[in-house]
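If you want the building blocks of each chain, they are given just below.
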Amino acid sequence: MNQPSAESLCQSKCVPCEGGVPVLSRVESEGFLTAAPHWSLNGDANMIHRNVARTNFVEAMELLNEIAQLAETEGHHPDLHLTGYCKVRIDLTTHAIGGLSENDFIVAAKIDQLLSADE
Ligand SMILES: C[C@H](O)[C@H](O)[C@H]1CNC2=NC(N)=NC(=O)C2=N1
């Protein structure tokens, strides 16, 4: 597989997934992470996450809603956590296959784009 870029991921669209897609290996996921360097792979290599801080509670909630809209557009949904009054943790995994798929990295790159537009 060619090394993905943030740009190519942002131009891609999530493919509806109800199973039948191979789980990405740790090495494949690490390749995708070069295009999404703000994200971390967990120990089991079945989830990536990113932490984001906002300046107050309302801005954190607005961010959660922006990500929710993006997720609905993509048809692929992160697990969103408000971890403090202005802190957000975003977890991405493909529930249907119990691990990571390209969809997770497409949504990660699009969230990065949304966050850089906000800054
Ligand atoms: C058909 C549709 O693509 C699936 O139900 C999607 C919806 N959003 C999803 N989001 C995530 N994170 N994992 C999934 O397996 C998943 N499945």
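Residues numbered from 1 in each chain as written. Predicted model: local features only at pLDDT ≥ 70, side-chain atom pairs only at ≥ 80, totals over all residues.

As recorded in an unreviewed UniProt entry, the protein chain goes by 4a-hydroxytetrahydrobiopterin dehydratase and comes from Stieleria marina. Recorded under Sequence similarities (unreviewed entry), the UniProt text for the protein chain is reproduced unchanged: "Belongs to the pterin-4-alpha-carbinolamine dehydratase family." Taken directly from UniProt, the Catalytic activity (unreviewed entry) text for the protein chain runs: "(4aS,6R)-4a-hydroxy-L-erythro-5,6,7,8-tetrahydrobiopterin = (6R)-L-erythro-6,7-dihydrobiopterin + H2O". (UniProt positions renumbered as here; feature names shortened; annotations may be inferred.)

Where do I start with the overall build of the protein chain in this structure?
Along the backbone of the protein chain there are four helices and four strands. For the protein chain, whose C-alpha radius of gyration is 14 Å, the value lies close to the compact-globule estimate of 14 Å for 119 residues. Projecting the C-alpha coordinates of the protein chain onto the three principal axes gives extents of approximately 40 × 25 × 25 Å. Looking at the protein chain as a whole, 25% of its 119 residues are labelled buried. Considering only contacts within the protein chain whose residues lie at least 6 apart along the sequence, 68% involve residues at least 24 apart. (Helix = DSSP H or I, 4+ residues; strand = E, 2+ residues; numbered from the N terminus. Rg over C-alpha atoms; globule rule 2.2 N^0.38 Å. Buried ≥ 20, exposed ≤ 12 C-beta atoms within 10 Å, placed from the backbone. Contact = placed C-beta atoms within 7 Å.)

So what exactly am I meant to see when it comes to the sheet that holds strand β4 (residues 87-92) here?
The strands that make up a sheet are held in pairs by hydrogen bonds between backbone atoms, and each pair lies either parallel or antiparallel. Spatial ordering of the open sheet is given by β1-β2-β4-β3, a layout of four strands whose pairing is antiparallel. Only two strands of the sheet have a single neighbouring strand rather than two, namely β1 (40-41) and β3 (79-84). Strand direction decides the pairing type here: strand β2 (residues 48-53) and β4, joined by six bridges, are antiparallel. Across the sheet, the residue bridging to Val52 is Val88, located in β4. Against the sheet, helix α3 (residues 57-74) contacts β2, β3 and β4, and its axis sits at roughly 20° relative to β4. (Pairing = 2+ DSSP bridges. Axes fitted to C-alpha atoms, helices over the stretch in contact; angles between N-to-C directions.)

How should I be thinking about the site of the ligand in this particular structure?
Neighbouring the ligand are Pro16, Cys17, Glu18, Gly75, His76, His77, Thr94, His95 and Ala96. A per-class count over the shell around the ligand returns three nonpolar, five polar and one charged. (Near = placed C-beta within 6 Å. Nonpolar A, V, L, I, M, F, W, Y, C, P; charged D, E, K, R; others polar.)

What is the right way to look at the environment of Val15 in this model?
Among the secondary structure elements, Val15 is positioned in the loop between α1 (6-11) and α2 (26-33). Taking the C-alpha atoms as reference points, Val15 and Ser116, 101 residues apart in sequence, are found 24 Å from one another.

What am I meant to see in helix α4 (residues 102-118) here?
Each α-helix winds once per 3.6 residues, and so residues spaced three or four apart point in a common direction. Compared with the 24 Å implied by 1.5 Å per residue over 17 residues, the 25 Å span of α4 between its first and last C-alpha is a close match. Burial in α4 covers these residues: Glu102, Asn103, Asp104, Phe105, Ile106, Val107, Ala108, Ala109, Lys110 and Ile111. (Expected span 1.5 Å × (residues − 1).)

Honestly, the nonpolar core in this entry has me stumped. Any pointers?
Side chains of nonpolar character tend, in soluble globular proteins, to be buried together. Formed by 20 residues in total, the largest nonpolar core has its most connected members in Phe105 and Ala108. When residues of this core are traced back to their parent elements, those giving at least two are α3, β4 and α4. Sort the elements by how many residues they give to this core and α4 lands first, with six residues. Ignoring sequence-local partners within four residues, the contact set of Ala108 consists of Ala36, Trp39, Ile48 and Leu92. (Core = buried A, V, L, I, M, F, W, Y, C linked by C-beta atoms within 7 Å.)

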